[in-house]
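Notes for the structure review
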Amino acid sequence: MKMIKSLCTGIAAIALAGTVLSSGTWAEDVAIIGGTAFTNGGKGKVENATVLISSSGIVSVVSGGPVPEGYRTVDASGKWVTAGFMVAGSSLGLGEVSLSGDNNDARADKAKDGIVLDVAYSLNPNNAIIANTRIEGVTRAVTQFSRSKDNWIGLGAIIQLGGDSVDKMITHNKTFLHLDVDEGAARSNGGSRSAMWAEVIKKLDDAKPKPKSNENGEKKEGDNKKPKEKKGGDKILVELFADGLPLPLQVNAHRVSDIRQAIKLKKKYGIHVILTGAREAWMVADELAAADIPVLIDPLDNLPSRFDMLASTSASAARLHAAGVKVAFLPPDTLNARLVVQSAGNAVAMGMPWEAAVDALTVNAAEIFGVSDHYGTLAEGKVADVVVWDGDPLEVMTSPDHVFIQGEEIPLVSRQTKLRDRYKEIPRAPGLKK
Amino acid sequence: MKKRMMLTGTGARSAMLATVLTTVLVACGPSDTAQDGFVDINRDPFPSSYTPLASETTLIVNATVLDGKGGMIEGGSVLMDGGKIKQVGTDITAPDGTRVIDASGRWVTPGIIDVHSHLGVYASPGTQSHSDGNEVGDPVTAGVWAEHSLWPQDPGFGRAAAGGVTAMQLLPGSANLVGGRSVTIKNVPGRVAQDMKFPDAPYGMKMACGENPKRVYGGGNNNVLARPSTRMGNVHGYRQAWADAQDYQRRWNKYERDYAAGKDVLPPKRNLRLDTLAGVLRGEIKVHMHCYRADDMGTMLDVMKEFNYQIASFQHAVESYKIADKLADNGVCSAMWADWYGFKMEAYDGIRENIPFVHKAGACAIVHSDSSSGIQRLNQEAAKALADGRKVGVDISKADAWQWLSLNPAKSLGIDGMTGTLEAGKNADVVLWSADPFSVYAKADMTFVDGAVVHDRADPSKQRVADFELGHVGEGDVK
């Protein structure tokens, strides 16, 4: 039910996007011609592509295809065309200045119940970091809380970075519940992994559906008692066990033994687990692949930053991919969400195939968070998040020339570009004393 | 006179001593009253014990060479011998027994110098026990020295070598108005800090503008001198510190004059904090000041003139683009990130074109890291800044841009006479890149410090494994 409801939100957002977006431009039909397009993540290369898009989505991608009447043409000769990229973890839109600035809504450290946190109440579509991020080709993001009172850190959402209202930006809300079980979480939740896990297990046992009958099919004693109605966080935990489309549990863990606990959790409770952080995941890549657990990592991490991160290596992404694990990328932090593209390039430099790294920025992220029917490729009917790059997008000296989000071209303007334009020629007073 | 023998000074210092010595000799006569030995301050009590690693004569051929001072040579060669650059050009004949490396398709540059690192002082793993970079409790801690916190076993040093970093400045943090002395090191393995110290590199001193000191000390209920809680309180603190240092220096000058005149005088009491500050006023120690906002930097340019010292660099300097002309006029370098911004109010106006705009104004631009992760990819930071500048019409060549990574950092640290470019006679601090280092896909194939290999991507025995990493998961792995 939950997923169906949130998908409806997504469809509603697409319909609304047909009217007007924050950029103030009207939706239009656009033909991006002459570029090299990658229609399916890093695959599906189409030379001299005619990419037809409209506010209702991708129309077609055909090599040398004709431009229908009424389409505005964007010349992409010599350029690269991809789906807009997605960061698989951030707090985009939840805070402006992290240190001694305004309130940072991502840090819900005084929350009464960490499980019920909903980003919709915190998301600010006018947050300046969003514009800084989208003009660098990142059009989608997972946004979530960074902290709560304990290690249950709220419900995350998928946002598109082009909307001017919360309803338009959040395409899918409550797409996962975040649970932190790393070394830091253990320290502040019982002081020991054993204390922390005891609490986690207790909560999951309480939420787990109770069998209606015993093994012999006999009614259990007390079954006539009406079960107490669950509320708040306890009610949300029940969704982890829902039939059909259960709420995924995103688990942050780094040490191999902690990661294996997450694998056990999936097996024991039959819940859907997404592993994040995961510095040492590459050491159990085969087990993760066998358990069908996708992994979100920052591919640059290669220092033993903590005792649960000793085996950190920037070869992680390549190794996980080679073992068949579905990988998506975390940026260094929210302000630097746009640098996820550079991180992906570095993953390639460390042995990940280029196609797989671009998959990680698009289709993999879409599939991991259950939005792949909507976003992630340039297939007909997908939302038109399309970026025209002036070269290989993973390179550090390239950047977008055009960014479309849900069919709308986003002006390449931000607070930063306005400051740049103001100071490009320094307004030096003529009488300045040296 | 005996005490004087322990002196080891820089050139300027030795010259000054010679003057004093002559005066003393003239003044020494049979009619003089007895004098205690002349008391002088040993300016180098923790001398470098750096010894170059074994190197072999090496000739790199067929490379694209960036000489680090704006030149680019296609099909270039670089000859290293005895730890020095011997020759750079296109047609170099190597002596017999030279190791010849064919670098077809590859690039050679001077080693990267990071002017802002906390490796060793905030080491990995980042446990509380390794938090050795900020001596909080007093806003002016000029008497602390980063080298006394330096843990040579930080695994970050090896990672930085794999990123082509051959030297770096290790700084105290920015909690204090004056954080203490920095140390410039060569990126070589060391058992003790002194093994890594860059011989003859001048000391630096860390200062900090703006939010950090006022946040750390800003209780608000205390004497402003003891606890700055505002920017104006910060500036009061710097100025009083300089005034104290001037007074201290005058007392020493008077002691030296009186001693030279044959008087039996008591030297001033040593004050380790004022030793460092006075060293700046004498021009021996370089100031590197953490400063984000243009107006904060503008204030400090006047404090600098008031007390007659030179700021070598503003660190982070996210608003240098607003006052790049003034920075050029005042000869102050800006050490900058390519695109970090916004994490606090004073970083809020960061723009991606800061570095190329500073360069365009004729000011000294430096790419720095302040990060154990960022230090591994400074070439990529320069590449991003270069591309962002070009996109808005600031045309800078890759050869010129490399100055942000080697020559300009070397200048700000006062070691450009020894390193920072590929010129005959300079230290052979060199990186051989697998490809154009302005590409995300390029890796440092080999890093040389004084001609010795400190990192070789093809040879696991030349990939550093810190003591800490031994016996742990991931030991000796590709990093």
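Computed from a predicted model, the values in this text were never measured in an experiment. (Residues numbered from 1 in each chain as written. Chains lettered and ligands numbered in written order. Predicted model: local features only at pLDDT ≥ 70, side-chain atom pairs only at ≥ 80, totals over all residues.)

With respect to the pairing of strand β5 (residues 80-83) of chain A
Residues and elements named next belong to chain A. What counts here: Each pair of strands is called paired provided DSSP finds at least two bridges between the two strands. Helix and strand definitions here come from DSSP, where helices need a minimum of 4 consecutive H or I residues and strands a minimum of 2 consecutive E residues; each element is numbered from the N-terminal end.
Relative to β5, strand β1 (residues 30-40) runs parallel, the two being bridged by 2 bridges. Directly across from Thr36, in β5, lies its bridge partner Trp80. Direction of pairing for β5 relative to strand β14 (residues 386-389): antiparallel, over a ladder of 4 bridges. By the bridge assignment, Thr82 is partnered in β14 with Val387.

Some thoughts on the confidence of the model for chain B
Residue and element names in this part refer to chain B. The following threshold applies: Across the chain, each position has a pLDDT score giving the predictor's confidence in that residue, from 0 to 100.
The share of residues in chain B with pLDDT of 70 or more is 91%, and the mean pLDDT across the chain is 93. Confidence, expressed as mean pLDDT per element, reaches its minimum in chain B at helix α1 (residues 11-27) with 41 and its maximum at strand β14 (residues 430-433) with 99. The ipTM, which scores confidence in the relative placement of chains, is 0.92 for this predicted complex, and the corresponding pTM is 0.92.

Some words on the sheet that holds strand β8 (residues 178-186) of chain B
Residues and elements named next belong to chain B. Under the convention used in this document: Inter-axis angles, ranging from 0 to 180 degrees, are taken between N-to-C directions of lines fitted to C-alpha atoms, where helices are fitted over the stretch in contact. Residues are scored as being in contact if the C-beta atoms we place from backbone atoms lie within 7 Å.
Strand order in this open sheet of 8 strands is β6-β7-β8-β9-β10-β11-β12-β13, and the pairing throughout is mixed. With partners counted over all chains shown, the strands left at the sheet margins are β6 (112-117) and β13 (365-367), one partner each. Each adjacent strand pair in this sheet contributes to an overall mean axis angle of 25°, direction not counted. Here strand β12 (residues 333-336) runs beside β13; their pairing, made up of 3 bridges, is parallel. Across the sheet, Met336 pairs through a bridge with Val367, a residue of β13. Sitting on the sheet, helix α7 (residues 294-306) is in contact with β10 (286-291) and β11 (311-316), with an inclination near 155° to β10.

Examining the sheet that holds strand β12 (residues 295-297) of chain A
Residues and elements named next belong to chain A. Taking strand neighbours across the sheet as the criterion, the 8 strands line up as β6-β7-β8-β9-β10-β11-β12-β13 in an open arrangement whose pairing is mixed. Two strands close off the open sheet at either side, each with one partner strand: β6 (85-87) and β13 (327-329). The sheet shows a mean angle of 25° between the axes of neighbouring strands, taken without regard to direction. The sheet contact formed by strand β10 (residues 249-253) and strand β11 (residues 273-277) spans 5 bridges and is parallel. Across the sheet, Leu249 pairs through a bridge with Val273, a residue of β11. Seen against the sheet, helix α7 (residues 256-269) touches β10 and β11 and runs at an angle of roughly 165° to β11.

Some points on the interface of chain A and chain B
Keep this limit in mind: Residue type decides the class: Asp, Glu, Lys and Arg count as charged, Ala, Val, Leu, Ile, Met, Phe, Trp, Tyr, Cys and Pro as nonpolar, and the leftover types, Gly among them, as polar.
With 41 residues of chain A at the interface, the matching set in chain B holds 47 residues. Among the elements that line the side of chain A that touches chain B, the one with the most residues is helix α10 (residues 340-349) of chain A, at 5 residues. Class assignment for the residues of the side of chain A that touches chain B results in 20 nonpolar, 14 polar and 7 charged.

Details of α7(B)
All names here are of chain B. For clarity, the cut-off: In this analysis, the expected span of each helix is defined as 1.5 Å times one less than the number of residues it contains. The exposure label follows from counting other C-beta atoms within 10 Å of a residue's C-beta, where the C-beta atoms are placed from the backbone and the thresholds are 20 or more for buried and 12 or fewer for exposed, leaving partly exposed in between. In this description, one arc is meant: the one made by directions from the helix axis to the C-beta atoms.
Between its terminal C-alpha atoms α7 stretches 19 Å, which fits the 18 Å expected from 13 residues at 1.5 Å a residue. The set of residues buried in α7 consists of Ala294, Asp296, Met297 and Met300. The buried residues of α7 occupy one face: seen down the axis, they fall within an arc of 150°. With respect to the buried face of α7, the exposed residues turned more than 90 degrees away are Asp302, Lys305 and Glu306. Elements in contact with the buried residues of α7: α5 (231-260), β10 and β11. Where α7 ends, the next residue or the one after it, Asn308, has phi of about 60°, a positive value.

Here we look at the environment of B:Phe198
All names here are of chain B. Within the secondary structure layout, Phe198 lies in the loop between α3 (193-196) and β9 (204-208). For the pair Phe198 and Tyr50, spaced 148 residues apart in the sequence, the C-alpha separation amounts to 7.2 Å. Those residues in contact with Phe198 that lie beyond four places of it in its chain are Ser48, Ala167, Thr184, Ile185, Lys186 and Ile415.

A closer look at the packing of α10(A) against helix α11 (residues 354-361) of chain A
Packed helices, taken two at a time, are described by their axes: the angle between them and the distance between them. Residues and elements named next belong to chain A. We count it as follows: Angles are sorted into four bins: roughly parallel if under 35 degrees, roughly antiparallel if over 145, roughly perpendicular if 65 to 115, and oblique for all others. By the definition used in this description, the sense in which the near helix is turned from the far one sets the handedness, with an anticlockwise turn below a right angle giving left-handed and a clockwise turn giving right-handed.
In the contact formed by α10 and α11, the axes pass within 9 Å of each other and the chain directions differ by 150°. Looking at the two axes, α10 sits roughly antiparallel to α11. Between α10 and α11 lies a crossing of right-handed hand. Of α11, the residues touching α10 (which contributes Val340, Val341, Ala344, Ala347 and Val348) are Trp354, Ala357, Ala360 and Leu361. Tallied by class, residues from the contact of α10 with α11 come to 9 nonpolar, no polar and no charged.

Thoughts on the packing of α5(B) against α7(B)
Residues and elements named next belong to chain B. The interhelical angle for the contact between α5 and α7, taken along N-to-C directions, is 25°, at an axis separation of 11 Å. Between α5 and α7, the crossing angle belongs to the class labelled roughly parallel. For the element pair α5 and α7, the recorded crossing hand is right-handed. Listed contacts from α7 to Arg231, Val235, Tyr238 and Arg239 of α5 are Asp296, Thr299 and Val303. For the contact of α5 with α7, the residue count by class is 3 nonpolar, 1 polar and 3 charged.

Quick word on unusual backbone geometry
Residues and elements named next belong to chain B. Cis geometry marks the peptide bond from Ser124 to Pro125; its omega dihedral reads -5°. In this fold, Pro125 is placed in the loop between β6 and α2 (156-162). The phi angle at Ala317 is positive, at roughly 45°, despite the residue not being glycine. You can see Ala317 is positioned in the loop between β11 and α8 (324-330). On the basis of neighbour count, Ala317 is assigned to the buried category, with 34 C-beta atoms found within 10 Å.

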